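# Summary of structural features
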Amino acid sequence: MTKSQELYKKAKNIIPGGTQLLSKRPEMFGVDNWPSYYSKAKGCEVWDLDNNKYKDFSYMGIGSNVLGYADDDINEAVKQSIDKSNMCTLNAPEEVELAEELCNIHPWADMVRYAKSGGESATISIRIARAKTKKDIVLFCGYHGWHDWYLASNLGDENNLEGHLLPGLSPAGVPKGLKGTSFPFTYNNKEEFDRLVSKYDGKIAAVIMEPLRNVYPEKGFLEHIRSITKEKGIVLIFDEISAGFRLCLGGSHLTLGVEPDIALFGKALSNGFPMAAIIGRKEVMQTAQDTFISSTYWTDRIGLVASLKTIKKFKENKVHIVLEKNGSRIQEGWKNLAAKHKLNISIMGIKPLSYFSFNYSNDKEIKTLFIQEMLELGFMSTTGYYASFAHTESDIKEYLDATDKVFEKLAVAIEAKNVENLIHTELCHSGFKRLT
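Next up on the list: the overall build of the protein chain. A count of helical and extended segments in the protein chain gives 14 helices and 14 strands. Its C-alpha radius of gyration of 22 Å places the protein chain within 12% of the 22 Å reference for a compact globule of 436 residues. Projected onto its principal axes, the C-alpha positions of the protein chain cover 60 × 55 × 45 Å. Counted over contacts in the protein chain with a minimum sequence separation of 6, partners at least 24 positions apart contribute 72%.

Right under this line is the structure:
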């Protein structure tokens, strides 16, 4: 048993679920093979507790390390801020500097509030929207965190989140009084959205959605939602936690040409340091003063400094162009290698957030074997690829060479119908799903 396996066995006894984040659970990849814990990471390289080195071509810190692990410039800025004290009774001046920067990047926005995680920022935005409109119902499209307002959707119908999060997700612990306060709609489905607006007309506080995720919006879809929400005085919130700072400097909505009332940022904003931002129009954001939204560690200096340095590096290096290029090479590589080995796969996602799926009845077994064999070749890899500035051309070539070898092995195993016999771990669990 490896040191990671020993530690995870211990963790399961003292940490509910074994990890703090569902997406980091070893069961998502194959619990007996996945390294689970890291001793250090740099660029796109990760060392586990047994000092095995891998290149991360999976989720790069679950989408947070767009510039790579332990970026020298960001780390140096953070270390200097620590020496000046990360926390104080007074406020860090970087609060104002970052707010100005975010509003300059998004000219439609006037004011900014901060938090430390995506789920927090989504919940803050919902509170602001409800306070502004004095209404309760929320319509949503996409994944927006773990908080009560979101999971309340499953109080009315246990299948409401089937396509958004995890099938059968239990709303245990969510107050039953929240039943009937949040409802999902499908991306690119104007008719479904219109039916919900009509059904709950006059009661809707907010529409919160990922403006872009796995597919691009159909012509007029976002514009239609913007028009309806503006007409009816509904606060439109764009959740940019995943897509933000990947297609351009700022939110993906800047490339789509539709402006919300509030936008949420996290992950790529601060390259691995806890930070989230809620930006919005003054007439909406000022309502935060009419309710109570406050927390000590939203005022720490590290996240602010890391965000400012990350934005500076994005500007100087045109990082979004590199992410698009890397994602294109990966998607094209998957396509060509699948054709070469006659594997039936589907490729989806915007270039910086790419995915593929195995189109077979035993797809979970094939995916588990893919992860297992890529680890053997030194790559932390799954059927998703989050592009990073740290992935060099040679890194990508090595990854695709390894994928070539593994795809060949998979094709042979599928033909021989012995995929299961080659797996040395429990099957990987299902991951997040969204309505796309």
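That shown, we press on.
Pairing geometry for strand β1 (residues 38-42) and strand β2 (residues 45-48), over four bridges, is antiparallel. Looking at the pairing, Y38 lines up with D48 of β2. Count of turn residues in the β1/β2 antiparallel hairpin: two residues, of which G43 carries a positive phi of about 65°. As judged from the three bridges shared by β2 and strand β3 (residues 53-56), these two strands associate in the antiparallel manner. Along β3, the bridge assignment pairs W47 with K53. In this antiparallel pair of consecutive strands, β2 and β3, the connection spans four residues, and N51 shows a positive phi of 65°.

Turning our eyes to something else, we now look at the pairing of strand β10 (residues 276-280). Most of β10 is tucked away: five of the five residues are buried. A two-sided burial pattern is seen for β10, the buried positions comprising A276, I278 and G280 on one face and A277 and I279 on the other. Two elements, strand β4 (residues 111-115) and β10, share five bridges in a ladder whose sense is antiparallel. Its bridge partner being in β10, R113 is matched across the sheet by I278.

The final tally for this structure, using the stated rule, is 19 salt bridges. In this structure, D261 and R226 form a salt bridge, with 3.0 Å as the shortest nitrogen-oxygen distance. With a gap of 35 residues between them, D261 in the loop between α9 (253-256) and β9 (262-265) and R226 in helix α8 (residues 221-232) connect regions that are remote in the sequence. The network of salt bridges with shared partners includes R226, E259, D261 and R281.

The antiparallel open sheet is built from three strands, whose spatial order is β11-β12-β14. Edge positions in the sheet fall to β11 (345-348) and β14 (384-386), since each of these pairs with one other strand and no more. Each neighbouring strand pair of the sheet contributes to a mean axis angle of 15°, computed without reference to strand direction. Sheet topology places β11 next to strand β12 (residues 353-358); four bridges connect them, and they run antiparallel. Across the sheet, S346 pairs through a bridge with S357, a residue of β12. The strands touched by helix α12 (residues 319-340) within the sheet are β11, β12 and β14, with β11 carrying the most contacts at an inclination of about 170°.

Geometrically, a packed helix pair is captured by the angle between its two axes and the distance between the axes. With their axes 6 Å apart at the nearest point, helix α11 (residues 301-317) and α12 run at an angle of 70° to one another. By the criterion of interaxial angle, the relationship of α11 to α12 is roughly perpendicular. From α11, K313, F314 and N317 reach across to α12, where they touch V319, H320 and V322. Broken down by class, the residue content of the contact of α11 with α12 amounts to three nonpolar, two polar and one charged.

Closest axis-to-axis distance for the helix α2 (residues 72-83)/α11 pair is 9 Å, and the angle between their directions is 150°. With respect to each other, α2 and α11 are oriented roughly antiparallel. Between α2 and α11 lies a crossing whose hand is right-handed. In contact with D73, I74, A77, V78, S81 and I82 of α2, α11 contributes R301, I302, V305, A306, K309, T310 and K313. Here the residues of the contact of α2 with α11 sort into seven nonpolar, two polar and four charged.

In this structure, the second largest pocket spans a volume of roughly 280 Å³. Forming the walls of the second largest pocket are 16 residues, and the residues nearest its centre are A77, E94, V305, L308 and K309. Mapped by element, the contributors of at least two residues to the lining of the second largest pocket are α2, α3 (94-105) and α11. The biggest single contributor to the lining of the second largest pocket is α11, with seven residues. For the lining of the second largest pocket, the class distribution of residues is four nonpolar, two polar and 10 charged.

What follows covers helix α7 (residues 190-199). When α7 is considered as a whole, its buried residues turn out to be F193, L196 and V197. Burial along α7 is one-sided: seen end-on, the buried residues are contained in an arc of 100°. The exposed residues of α7 that point more than 90 degrees off its buried face are E191, R195, S198 and K199. At its buried positions, α7 is contacted by β5 (137-141), β6 (182-184), β7 (204-209) and α8.

Attention shifts here to helix α14 (residues 393-416). Its 24 residues place the ends of α14 35 Å apart at the C-alpha level, agreeing with the 34 Å of an ideal helix rising 1.5 Å per residue. Where the residues of α14 are buried, they touch β3, α12, β12, α13 (363-376) and β13 (379-380). Backbone geometry just downstream of α14 places K417 in the positive-phi region, at approximately 55°.

Applying the stated criterion to the full structure yields 24 aromatic pairs. Ring centres of F358 and F370 lie 6.1 Å apart, and the angle between their planes is 65°; on these two criteria the pair is classed as edge-to-face. A residue pair is termed long-range when its members are at least 10 positions apart, and F358 in strand β12 and F370 in helix α13 qualify at 12 residues. There is no split in this pair, since F358 and F370 are both buried. Looking at F370, the relative accessible area reads 0%, which means it is buried. Three or more aromatic residues link up through ring pairs in this structure, and these residues are F29, W34, Y59, Y355 and Y386. Against the face of W47 rests K40, its NZ or CZ located 4.5 Å from the ring centre.

Reading the values: the criteria
Residues numbered from 1 in each chain as written. Predicted model: local features only at pLDDT ≥ 70, side-chain atom pairs only at ≥ 80, totals over all residues. Heavy atoms only, no water. Helix = DSSP H or I, 4+ residues; strand = E, 2+ residues; numbered from the N terminus. Rg over C-alpha atoms; globule rule 2.2 N^0.38 Å. Contact = heavy atoms within 4.5 Å. Pairing = 2+ DSSP bridges. Buried < 20%, exposed > 50% of the residue type's maximum accessible area, 1.4 Å probe, protein only. Salt bridge = Lys/Arg side-chain N within 4 Å of Asp/Glu carboxyl O. Axes fitted to C-alpha atoms, helices over the stretch in contact; angles between N-to-C directions. Parallel < 35°, antiparallel > 145°, perpendicular 65-115°, else oblique. Nonpolar A, V, L, I, M, F, W, Y, C, P; charged D, E, K, R; others polar. Left-handed = near helix turned anticlockwise from the far one by under 90°. 1 Å grid on protein atoms, 1.4 Å probe; cavity = no way out; pocket = protein on both sides within 12 Å on 5 of 7 lines; lining within 4 Å. Points joined across faces, edges and corners; volume = space filled by probe spheres on them. Arc of directions from axis to C-beta. Expected span 1.5 Å × (residues − 1). Phe/Tyr/Trp six-rings, centres within 6.5 Å; stacked < 30°, edge-to-face > 60°. Lys NZ or Arg CZ within 6 Å of the ring centre and 35° of its normal.

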